[in-house]
Amino acid sequence: MAEPGATSSIEDQIRLREQKAQQLREKGAHPYGNGVVVPHTTGFVRTRHSSDDAAALEAEHTEPYGIAGRIVAVRSMGKATFLSLRDRDGDLQVFVKKDKVGEQAYEILKLADLGDIAFARGRAMRTRTGELSIEATEFRLLTKALRPLPEKWHGLTDHETRYRQRYVDLAANLEVREIFRKRSKLIAGIRRFLDERDYIEVETPVLHKPEEAGGAAARPFETHHNALDLDLKLRIALELHLKRLIVGGLERVYEIGRIFRNEGIDRRHNPEFTMIEFYQAYATYEDLMALTEQLVERLAVEVTGANVAPFQGVLIDYAAPWPRVSMVGEVLKAYQAGELDGLDKLTDDQWLSKTDDNEHRHKFTKANSTGDKIAWAFEALVEPMLPREKPCFVVDFPLEVSPLARKRDKEPRLVDRFEAYAGGMEVANAFSELNDPRDQEARFRAQVEAAARGDQEAMPYDRDYIRALEHGMPPTAGEGIGIDRLAMLFTDSSSIRDVVLFPLLKPEEDVK
RNA sequence: GAGCCGCUAGCUCAGCUGGUAGAGCACCGGCCUUUUAAGCCGAGGGUCGUGGGUUCGAUCCCCACGCGGCUCACCA
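Everything quoted here is computed from the prediction, not taken from an experiment.

### Thoughts on the environment of Phe-431
Here's step 1: Topologically, Phe-431 is positioned in strand S17 (residues 425-432).
Here's step 2: For the pair Phe-431 and Asp-113, spaced 318 residues apart in the sequence, the C-alpha separation amounts to 57 Å.
Here's step 3: Apart from residues lying up to four places away in sequence, Phe-431 is in contact with Glu-239, Lys-243, Tyr-285, Leu-404, Ala-405, Asp-416, Arg-417, Thr-476, Ala-477 and Gly-478.

### Some thoughts on the protein's contact with RNA strand B
Here's step 1: Inspection of the region around RNA strand B gives 63 residues, with Ser-8, Thr-129, Lys-152, His-269 and Lys-363 positioned closest.
Here's step 2: In RNA strand B, atoms within 4 Å of the protein come 62% from sugar and phosphate.
Here's step 3: A distance of 2.4 Å is found between a phosphate oxygen of RNA strand B and a side-chain nitrogen or oxygen belonging to Lys-20.
Here's step 4: When residues of the surface near RNA strand B are traced back to their parent elements, those giving at least two are helix H1 (10-26), strand S1 (65-76), strand S2 (80-87), strand S3 (90-97), helix H6 (159-164) and helix H14 (358-363).

### Remarks on the environment of Tyr-106
Here's step 1: Locating Tyr-106 in the fold gives a position in helix H5 (residues 103-110).
Here's step 2: Note on Tyr-106: relative accessible area 1%, which makes it buried.
Here's step 3: Along the backbone, Tyr-106 and Arg-140 are 34 residues apart, and their C-alpha atoms lie at a distance of 9.5 Å.

### Some remarks on helix H8 (residues 174-196)
Here's step 1: Taking 1.5 Å as the rise per residue, H8 with 23 residues should run 33 Å; its terminal C-alpha atoms sit 33 Å apart, in good agreement.
Here's step 2: Buried within H8 we find Val-176, Arg-177, Ile-179, Phe-180, Arg-183, Leu-186, Ile-187, Gly-189, Ile-190, Phe-193 and Leu-194.
Here's step 3: Directly after H8, the chain includes Asp-198, whose backbone phi takes a positive value near 70 degrees.

### A short note on the pairing of S17
Here's step 1: Within S17, six of the eight residues are buried, which leaves the element mostly enclosed by the surrounding structure.
Here's step 2: Pairing analysis gives six bridges linking strand S16 (residues 414-422) to S17, with the strands arranged antiparallel. Bridge assignment links Arg-417 to a residue of S17, and that residue is Phe-431.
Here's step 3: Relative to strand S18 (residues 476-482), S17 runs antiparallel, the two sharing five bridges.

### A word on the nonpolar core
Here's step 1: Among the nonpolar cores identified, the biggest contains 48 residues, and Leu-186, Ile-276, Phe-278, Leu-489 and Phe-490 are the most heavily contacted of them.
Here's step 2: A per-element tally of this core places helix H10 (residues 285-304) first, with nine residues.
Here's step 3: Sequence-distant contacts of Ile-276, that is, excluding residues within four places in its chain, are made with Ile-190, Leu-194, Tyr-254, Glu-255, Ile-256, Glu-479, Gly-480, Ile-481 and Ile-483.
Here's step 4: With 47 residues, the next largest nonpolar core counts Leu-240, Phe-273, Met-275 and Tyr-465 among its residues.

### Quick word on the packing of aromatic side chains
One pair of aromatic rings is described through two measures. These are the centre distance and the angle between the planes.
Here's step 1: Counting across every chain of the model gives twelve aromatic pairs.
Here's step 2: Arranged with centres 4.3 Å apart and planes meeting at 5 degrees, the rings of Phe-82 and Phe-95 form a pair that is stacked. Of this pair, Phe-82 sits in strand S2 while Phe-95 is found in strand S3, placing the two residues 13 residues apart along the sequence. Like Phe-95, Phe-82 is buried.
Here's step 3: Both rings, one in Tyr-318 and one in Phe-490, keep their centres 5.4 Å apart while their planes meet at 75 degrees; by these two values the pair is edge-to-face. Of this pair, Tyr-318 sits in the loop between strand S13 (314-317) and strand S14 (324-326) while Phe-490 sits in helix H18 (residues 483-491), and the two are 172 residues apart along the sequence. Accessibility classification places Tyr-318 together with Phe-490 in one group, the buried group.

### Focus: the pairing of strand S15 (residues 392-398)
Here's step 1: Across the seven residues that make up S15, a large majority, seven, are buried.
Here's step 2: In terms of strand pairing, S14 meets S15 through three bridges, oriented parallel. Its bridge partner lying in S15, Val-325 is registered against Val-394.

### Brief notes about the domain arrangement of chain A
Here's step 1: Here chain A is partitioned into domain 1 (10-149) and domain 2 (174-323 + 387-498).
Here's step 2: Centre-to-centre, using C-alpha coordinates, domain 1 lies 48 Å away from domain 2.

The rules we used
- Residues numbered from 1 in each chain as written.
- Chains lettered and ligands numbered in written order.
- Predicted model: local features only at pLDDT ≥ 70, side-chain atom pairs only at ≥ 80, totals over all residues.
- Heavy atoms only, no water.
- Helix = DSSP H or I, 4+ residues; strand = E, 2+ residues; numbered from the N terminus.
- Contact = heavy atoms within 4.5 Å.
- Near = heavy atom within 4 Å.
- Polar contact = N/O pair within 3.5 Å; in protein donor to acceptor, adjacent residues only side chain to side chain.
- Buried < 20%, exposed > 50% of the residue type's maximum accessible area, 1.4 Å probe, protein only.
- Expected span 1.5 Å × (residues − 1).
- Pairing = 2+ DSSP bridges.
- Core = buried A, V, L, I, M, F, W, Y, C linked by side-chain atoms within 4.5 Å.
- Phe/Tyr/Trp six-rings, centres within 6.5 Å; stacked < 30°, edge-to-face > 60°.
- Domains from an automatic or database assignment.

Next comes the structure, spelled out in structure tokens:
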């Protein structure tokens, strides 16, 4: 191999590694073997011997440990070689001496490259510099990698490559694994929390018939079922099916599920993302505020280790209770109106008088009701002022922007709803559910009218959902929490792409 | 969808007022039995994102396109 004049373009490097794989075969070492038994992890060895010094390990002459992983560093001194093996727990150094592993194994080691998967067995020892290592009596190459690993010092930093080739990102950058381990803990923590409270986890359809694709203000993805010749949409929310289950008497249900919204992509938005929605019969939105505070504070502790965690330069204190901000109240204050009637009387010029921002002023044209205008004013004037160092609840939402929420008895222009904000993002949305079928019909009709006016995010009229409500849904409160957003908060990630393993990107021109 | 920025070796990056490209790591050959960004010696490796234009000459200037990042808009 390696005839003089060999080049090292990527094609040449791959060819060379293929040749090495062939040489391994000739030496009886299958470059893609199978069935190896790996009794230990690097973490196991590290934990067990973290406090043993060189002399202690020498005296103990530990049992032989067998570990496997990717070769992420090689330092060869001729007849002895140090390598670092990386498994799911981290890295551990292996010290391979020719006279300890034997001629044959050492020949195989010489055919190993950075990136290959290898197995080593041997006792634990410490080197002269004190690094815990496996002194190999056995070395096997398990999988030949044909492509080189990124550079060891800087790792892989190019965002595009990191997202497109997440396998390389994960293999090269240890901190990336930590993010996804935290995400996993987060989801497990939510399950545990709700399971403790007698909820059951359910799964509802992802493929929605056109009239079912509601539950949120968003444009859906469209698809088609061939055998039924049926147009379908991917769900934009879990809400309406979960509430059907409340009608059926399950009383406490949740679903952690992927939902799809056919909208723009940016730091906070991926077209597919994960929400948890949960619904609890005989609860109110007040109950859910208390539940949310408890849940999120506990998750912060479980995932980050404390109920105070940094996010983008701000320390966020998740400890309950969280401050509450009244949407209507803040807007009343901003316009010095004493009560809702005062806002009804405002002219468009008066509404617009508080902001010079052209974007916000433009958005105002889409507001068709006082409720829309209140939500608009809140977003324009109050949202930027929400507390940064604590999550908060926004309460007192107008009816018009809440088509599935129950009217407030004392003020039917408002609904019993809250949104939780943290780190400048909306992370939860919850309300006491509308269970009056006739009121829900009227709300759906308003949505259909909005759609007729050109609102592409309006919900369809879901007749079966009305039929379900006609059977009687107990008084219920429900909530949705964006898992990706929580994952961003708890991993201090500025982009949703950093907490989604395979974020959607435009296709590559050529895969090379 | 808009604005700004980026795209040079497998990776991380240099590249001057325009003169056809460099480093470190990786790779290849040689030496090396306690290294750890191992070391020492030597050798290769590039359609400079793509396509046009200007120019005697373009990685560099201009235009278009592609992909990505950031900001904004829509939203969770």
